[in-house]
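Examining the three-dimensional arrangement
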Amino acid sequence: MEKVSVELSNKAESEVRREDLFSKIAFGILLFASLLVPVLFVPINSVPFQGSKMIVLVTATLVALVFWIVARLKDGRFVFPGWPLLLSAAVVVVVTALSGLFSGAIGTTFIGQSLDPGTVGSIAILFILLFLISVTFHSKDRIFYAYLLFFTLFFILALFHLSRFVFGAGFLSWGIFTDITSNVVGKWNDLAVFFGIGSVISFVTLELISLSRLFKTLAYVALAVALFFLAVIGFSQVWYVLALFSLMFLVYVISFDKRGNAGISDDSAADKRRALFRRVPATSLAVLIVSLFFILGGGMVGTAISNKFGINQAEVRPSWAATFEVAKGTLAHHPFLGAGPNRFTSQWLLYKPDGVNSTVFWNTDFSYGVGFIPTFLVTTGLLGVLSWAAFLLLFLWTGFRAILYADGDKVSRYLIVSSFLVSLFLWIVNIFYVPSISIVILTFFFTGLYLASLFQANAVASKTIVFADNPRKGFVSVLVLILALIGAVVTGWAFVEVFAASVDFQSGVLVWNNEGNFDKAESYITKAVAVNDDAMYERALSQLGLIKLSSLLSQNASSSSQDVLRSNFQTLFSSALGHAQTAVALDGSDYQNWLALGQVYESVVPLKIQNAYESAASAYDKALTENPKGPAIFYTLARLEATQGNNSKAKQYVDEALQQKNNYTNAIYLLAQIQVNEGNLKDAITSVEAAATLAPNDSGTFFELGLLRYNNKDYAGAASALERAVAINPSYANAKYFLGLSYQKLGRVNDALAQFQDLKTTNPDNKEIDLIISNLTAGRDPFANATPPITNTPEKRKSPPVPEAGSKGASSSGVDTVNPGNTSL
């Protein structure tokens, strides 16, 4: 067969001849930035992984926009391909901006702290990218250049991961890809989407155009590689979409074959004769069969493949039901413009389903709903969703109309069909999934490429505005272009500042965690605040101040240094308080800012500082207003009241915490302490025994019963209750801890040792567990040679000895888990 011809159409040739250097530069920037950014990474831990991709895209897009504006000032005209679709895109941006303006949190909604793709600024940049792609990739050869670069990166990425499968996760890790699922695109499932793009383009290419033997071989290899990685990753949603697309394409090709050539096969007589006998496209059929195999046998096959490659990965997001429940609550108060872009988290905390608190994700603040697009129902309201619906419906209408339109040369048809199907594939992914920024970028890039393919084939309505010869139009147009130029510079600078601050903040966090150098960490974070004053950064500085304050209060000072300590105390307290107050001022709708303020006041409550208790309680109440279903806030209030001796009020808050999360270990632990301190141990045990009878499958109740019996020195009864708690929830760490201590008291040292060795596997860095294992092995008391803060009375400590993640729940909880095995919580 002949090689594919990529000769330009007469119109495209005319456009290219008229194009000046500035437009060509814009094209080059967009070509490399759009496709390189998804696989770009900076091997430095202090540089945010997703943020680095976004800042490069923003910079490249805005620089390309500047060159495009200069080119328009020179030639005096605008060309808008597919202007109805571009107009609907502009409506999305305007509605998103209005939502941000009326949200009451402009800083969060317009750029955000980590350059999130759901902000006003990011949405605007992405649609600018789409527009620029559509007007600069206006010829066949430019679209083919994009495909060529994509598949070059496709094979490089495939080789990278194949080598890591063979040589292990440490190979080519660059210090940041520490797990076998770590990849340059983003999340593990994002990699499946990337290879899904490759599979769609591959089978469309093999079915629609004639290729030389070399390129045909490469296309088959690309398809095989893509399907291999899809099998390894096991993202079921990609298999469903791929099955749908291969089926649709099967019908499409067969239908057009029945009509003769229809622009699909070559014009040679031999190819026309072959078309008469070609009724079933073999490649599309093969893809359909493979997709169905992995859909029907997904669980068993996926598990086998995951075990083979040592893959253990799970990804969690709210379910459809949970997303709509949050949307229902939000729209009741903000029906038209929603809560504001990038503010799904605040609404999740207000309206999340009750069942979520019974899962291990009870304390997870989700930033998105079930999918990227459905999230806008919450963040931008009914107007936002209607604008997105109009854009996507116009996209679908132009797409199906174009691919069913039989006229046109075979190469143009191939470019239209392939770019439309890839764009449609990516938009479906954005509806049913929350991809990383890399996939979002590719979505807008291929949509712009689809518009460009329609434009070069004269298959879409375009609008040309000439202003060079009209003074009135010229004045308005030049003014708009100049304002856009200024806006591009200002926007770019704002994004750069936010990114630079995030790098400084991340550097401070790394120093804090890895070196324990609080002064150096404070220096980095203070620098971040100077560049971009964000509530998260202020909270971090407040926490650092509290750590220093705690260290100061633990010092045994001589009388001669009392004045110095008093001065240092006042300085540290004022600093921590000031940063917490600033965080609240920056974003009073974030419960974490109120918690940070309450913690500062609570830290000095034992010192009897005037109004400290009242101020802490007030701050925690404000946090509860913003997160009314947060068990940890009720627990914090209970702890505060307990320190003041207000046991009745403390128990009331504990009850409310347990109503939100009935297996909340911290609250159960605190309740047991209060009951012990009140001397009501016997009555408490009786009450909990009754509760255990009513709730025989509640591990938290049996833990509380075991703890109370342990306090009452009924070690046999404690062991019985704790055994039941562990049987119900095998990952209940504190139940295992006290079960081990109960066994030791009963002389069952080997059983006790087995419990702590089991705990060691899930808590490898816990020094207390190491000490207990060492002592039990040597035949000593579990707490022999213990030094503070480890004591031989763990039941009397203020917090449980082992951190708890939570307990598992059911799929009705409102949280979906996506992993290679396609299971859900």
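Just so you know, these numbers come straight off a predicted model, no measurement behind them.

Some words on the packing of aromatic side chains
Summed over the entire model, instances satisfying the criterion amount to 62 aromatic pairs. On the basis of an interplanar angle of 90° and a centroid distance of 5.4 Å, the ring pair of Phe127 and Phe391 is categorised as edge-to-face. Placement of the pair is Phe127 in helix α6 (residues 120-136) and Phe391 in helix α17 (residues 381-403), with a sequence separation of 264 residues. Residue Phe391 is classed as buried on the basis of its relative accessible area of 0%. Positioned over the ring face of Phe27 is Arg142, at 4.1 Å from the centre of the ring. Positioned above the aromatic ring of Phe702 is the side chain of Arg724, whose terminal nitrogen or guanidinium carbon lies 5.8 Å from the ring centre.

Some details on the pairing of strand β1 (residues 77-81)
The element β1 is largely enclosed, with a buried count of 4 among its 5 residues. As judged from the 5 bridges shared by β1 and strand β3 (residues 462-466), these two strands associate in the antiparallel manner. What sits directly across from Phe80, in β3, is Lys463.

Things to note about the side chain of Asp190
Assignment of secondary structure puts Asp190 in helix α8 (residues 188-208). Buried within the structure, Asp190 lacks any salt-bridge partner; Lys187 is the closest side chain of opposite charge, at an N-O distance of 4.6 Å. At a separation of 2.4 Å, a polar atom in the side chain of Asp190 contacts the side chain of Ser436.

Quick notes on the confidence of the model for the chain
Overall, the prediction assigns the chain a mean pLDDT of 87, with 91% of residues at 70 or greater. Counted against residues more than four places away or in other chains, residues 1-18, with its pLDDT under 50, gives 29 contacts. Scored below 50 in pLDDT, residues 806-813 makes 24 contacts in the model with residues more than four places away or belonging to other chains.

Side note on helix α18 (residues 410-432)
Its 23 residues place the ends of α18 33 Å apart at the C-alpha level, agreeing with the 33 Å of an ideal helix rising 1.5 Å per residue. For α18, a buried count of 20 out of 23 residues is recorded, marking the element as mostly surrounded by other parts of the structure. The N-cap of α18, judged by a side-chain oxygen 3.1 Å from the amide nitrogen of Val411 a few residues on, is Asp409.

Concerning the pattern of salt bridges
Summed over all chains, the structure comprises 13 salt bridges. Between Asp758 and Lys736 there is a salt bridge whose closest N-O contact spans 2.5 Å. Placement of Asp758 in helix α33 (residues 749-762) and of Lys736 in helix α32 (residues 733-745) is noted, with a sequence separation of 22 residues between them. Judged by relative accessible area, Lys736 falls into the buried class, the value being 10%. The closest approach of N and O atoms between Asp751 and Arg748, which form a salt bridge, is 2.9 Å. The exposure class assigned to Arg748 is partly exposed, which follows from its relative accessible area of 34%.

So, the layout of surface pockets
Empty space within the second largest pocket amounts to approximately 1,000 Å³. Of all elements in the fold, only α3 (49-75), β1, α4 (83-101), α6, β3 and α20 (471-514) reach the threshold of two or more residues within the lining of the second largest pocket. For the lining of the second largest pocket, the element with the highest residue contribution is α20, accounting for 10 residues. Within the lining of the second largest pocket, the residues separate by chemical class into 29 nonpolar, 4 polar and 1 charged.

Points about the packing of α4 against α17
Where α4 contacts α17, the two axes come as close as 9 Å, and the packing angle between them is 160°. With respect to α17, the element α4 is oriented roughly antiparallel. For α4 against α17, the interelement crossing comes out left-handed. Here Pro84, Leu85, Ser88, Ala89, Val91, Val92 and Val95 of α4 come into contact with α17, specifically with Leu383, Gly384, Ser387, Trp388, Ala390, Phe391, Leu394 and Phe395. For the contact of α4 with α17, the per-class residue count stands at 12 nonpolar, 3 polar and no charged.

Regarding α6
Here α6 spans 24 Å end to end across 17 residues, near enough to the 24 Å set by a 1.5 Å rise per residue. The buried count for α6 comes to 15 of 17 residues, which makes it a mostly enclosed element.

What to know about unusual backbone geometry
You will see that Asn342, though not glycine, has its phi angle at about 70°, which is positive. Tracing the backbone shows Asn342 in the loop between α14 (320-333) and α15 (344-351). Not every positive phi belongs to a glycine, and Lys608 is a case in point at roughly 60°. Within the fold, Lys608 resides in the loop between α24 (591-603) and α25 (612-626).

A short note on the environment of Gln543
Along the chain, Gln543 turns up in helix α22 (residues 535-553). Given a relative accessible area of 35%, Gln543 falls into the partly exposed group. Separated by 334 residues in sequence, Gln543 and Ile209 place their C-alpha atoms 62 Å apart.

Comments concerning the environment of Ala282
Structurally, Ala282 can be placed in helix α12 (residues 282-296). Once the C-alpha coordinates of Ala282 and Leu250 are considered, the two residues, 32 residues apart in sequence, prove to be 8.8 Å apart.

Rules behind the numbers
Residues numbered from 1 in each chain as written. Predicted model: local features only at pLDDT ≥ 70, side-chain atom pairs only at ≥ 80, totals over all residues. Heavy atoms only, no water. Phe/Tyr/Trp six-rings, centres within 6.5 Å; stacked < 30°, edge-to-face > 60°. Helix = DSSP H or I, 4+ residues; strand = E, 2+ residues; numbered from the N terminus. Buried < 20%, exposed > 50% of the residue type's maximum accessible area, 1.4 Å probe, protein only. Lys NZ or Arg CZ within 6 Å of the ring centre and 35° of its normal. Pairing = 2+ DSSP bridges. Lys, Arg positive; Asp, Glu negative; His and termini not counted. Salt bridge = Lys/Arg side-chain N within 4 Å of Asp/Glu carboxyl O. Polar contact = N/O pair within 3.5 Å; in protein donor to acceptor, adjacent residues only side chain to side chain. pLDDT = per-residue confidence, 0-100. Contact = heavy atoms within 4.5 Å. Expected span 1.5 Å × (residues − 1). 1 Å grid on protein atoms, 1.4 Å probe; cavity = no way out; pocket = protein on both sides within 12 Å on 5 of 7 lines; lining within 4 Å. Points joined across faces, edges and corners; volume = space filled by probe spheres on them. Nonpolar A, V, L, I, M, F, W, Y, C, P; charged D, E, K, R; others polar. Axes fitted to C-alpha atoms, helices over the stretch in contact; angles between N-to-C directions. Parallel < 35°, antiparallel > 145°, perpendicular 65-115°, else oblique. Left-handed = near helix turned anticlockwise from the far one by under 90°.

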